[in-house]
Amino acid sequence: MNAPFRPADPAQPRHDWTLDEVEALFDLPFTELVFRAAEVHRRWFDPTELQISQLLSVKTGGCPENCGYCAQSQHFKTGLAASKLMDAQTVIDAAREARDGGAQRFCMGAAWRDLKDRDLPKVAAMISGVKALGLETCATLGMLTPEQAKALKTAGLDYYNHNLDTGPDYYDQVVTTRTYQDRLDTLAAVRDAGMATCCGGIVGMGETRRDRAGLLHQLAILPAHPDSLPVNDLMPIPGTPLAGSEAVDPLEFVRMIAVARLVCPKSMVRIAAGREHMTKELQALCFLAGANSIFVGGRLLTTANPDKDSDAALLADLKMRPMSPKVSEPA
Ligand code: SAM
Ligand code: DTB
Ligand code: SF4
């Protein structure tokens, strides 16, 4: 493979990346890759600032999809108890607590294949209540129709999370109950409704480096780069088919972050799942390589995340600080 082409201004977003170009970035010497990513990061962001989100599983377990990594799929015996959709007020109370603990964005996750119209009024009430607290709102509820996307936008939803998860060639090794195109269609509905997109994937599912490049290539050629780009390190869930996957080498994880920063220069690149297993040195390298967003709070959806105190210590050690929240107008 040839050395990667370097445009005159590598910080300018491009949508014409080829898969080979993206893979060639992974092959750069580590220090060169991280340096280039850090340069691009500084063009669009203050590298001492982190965007802070907090998650809540508003409907847990019993999901009809067969995503091979997921604790919440009803196809696997993971021992997780399924629960019904929470009351709007319970969600709003949890969001207030998250806000008072320093979160800027509150993300509501549901273990659904797709949003059912019968659940829309309750979900809309949660969203508008969370928005009224002055938080940025995000939801991840499975597939949406264009009409549902518009209804969520009207309720006050700022971001919709819908991950492509992996490269297109590896996708059917991970999930077979929906297609890559289904995911792309929901992302298009979200964009068309005027919401910001949160879209990324997972590493550590047994995929190759080319599959990782394949995921980032797909994100880079979207009509609009994701506003948020979560990179999840697999949280292995006993009972799921991917529980025994080989862990990703920490330096390869940093490469994934750096290439994400280079191909989607203006996106918030998030170290999503997996920080629980990461040293502070690894997280610091990720921040150097262009990551600028994290989830806080001791829980992700069903798995553990570093607690408040350890994240406060991390930020203090690194002299990093939360990004000033964009003031969001109540709906
Ligand atoms: N059901 C919705 C969906 O699949 O879009 C929303 C919830 S789903 C749990 C959100 C994302 O979390 C998945 O797309 C996947 O990327 C990530 N995720 C789920 N389980 C994970 C795990 N065990 N380790 C890392 N990431 C995971
Ligand atoms: C994303 O990319 N990661 C978050 C959020 N978007 C919804 C979810 C991570 C889930 C990790 C496994 C769990 O807690 O069940
Ligand atoms: Fe369901 Fe989402 Fe889990 Fe897939 S990732 S099984 S769609 S909750």
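Residues numbered from 1 in each chain as written. Chains lettered and ligands numbered in written order. Predicted model: local features only at pLDDT ≥ 70, side-chain atom pairs only at ≥ 80, totals over all residues. Heavy atoms only, no water.

Colleague: Sorry, what's going on with the packing of helix H7 (residues 209-220) against helix H8 (residues 250-263) here?
Modeller: Helix packing for two helices is described by the angle between their axes and how far apart those axes are. Between H7 and H8, the least distance of the axes is 10 Å, while the angle of their chain directions is 25 degrees. As judged from the angle between their axes, H7 and H8 are roughly parallel. When you trace H7 past H8, the crossing you get is right-handed. Taking contact as the criterion, the partners of Arg209, Arg212, Leu215, Leu216 and Ala220 in H7 are, on H8, Glu252, Arg255, Met256, Val259, Ala260 and Val263. Of the residues assigned to the contact of H7 with H8, the class counts are seven nonpolar, no polar and four charged. (Axes fitted to C-alpha atoms, helices over the stretch in contact; angles between N-to-C directions. Helix = DSSP H or I, 4+ residues; strand = E, 2+ residues; numbered from the N terminus. Parallel < 35°, antiparallel > 145°, perpendicular 65-115°, else oblique. Left-handed = near helix turned anticlockwise from the far one by under 90°. Contact = heavy atoms within 4.5 Å. Nonpolar A, V, L, I, M, F, W, Y, C, P; charged D, E, K, R; others polar.)

Colleague: Explain the environment of Ala193 to me, please; I cannot follow it from the model alone.
Modeller: With respect to the helices and strands, Ala193 occurs in the loop between helix H6 (180-192) and strand E5 (196-198). In sequence terms Ala193 and Lys150 are 43 residues apart; their C-alpha atoms lie 5.0 Å from each other. Other than its neighbours up to four places away in sequence, Ala193 contacts Ala149, Lys150 and Lys153.

Colleague: Just to check I follow, could you spell out the site of ligand 1 for this structure?
Modeller: Not every one of the 17 residues close to ligand 1 is listed here, only the nearest: Thr140, Asn163, Asp165, Arg183 and Met235. Measuring from a nitrogen atom of ligand 1, one finds a backbone N or O atom of Trp112 at 3.3 Å. Within the side chain of Asn163, a nitrogen or oxygen atom sits 2.9 Å from an oxygen atom of ligand 1. When the free accessible area of ligand 1 is taken as 550 Å², the share hidden by the protein chains comes to 90%. Classifying every residue of the shell around ligand 1 by side-chain character gives nine nonpolar, five polar and three charged. (Near = heavy atom within 4 Å. Polar contact = N/O pair within 3.5 Å; in protein donor to acceptor, adjacent residues only side chain to side chain. Areas by Shrake-Rupley, 256 points an atom, 1.4 Å probe, with all protein chains shown as cover.)

Colleague: Just to check I follow, could you spell out the environment of Thr303 for this structure?
Modeller: Mapping Thr303 onto the fold places it in the loop between strand E9 (293-296) and helix H10 (308-318). Assessed through its relative accessible area of 17%, Thr303 is described here as buried. Taking the C-alpha atoms as reference points, Thr303 and Asp233, separated by 70 residues in sequence, lie 12 Å from one another. With sequence-adjacent residues up to four places away left out, Thr303 is seen in contact with Met235, Ile237 and Gly298. (Buried < 20%, exposed > 50% of the residue type's maximum accessible area, 1.4 Å probe, protein only.)

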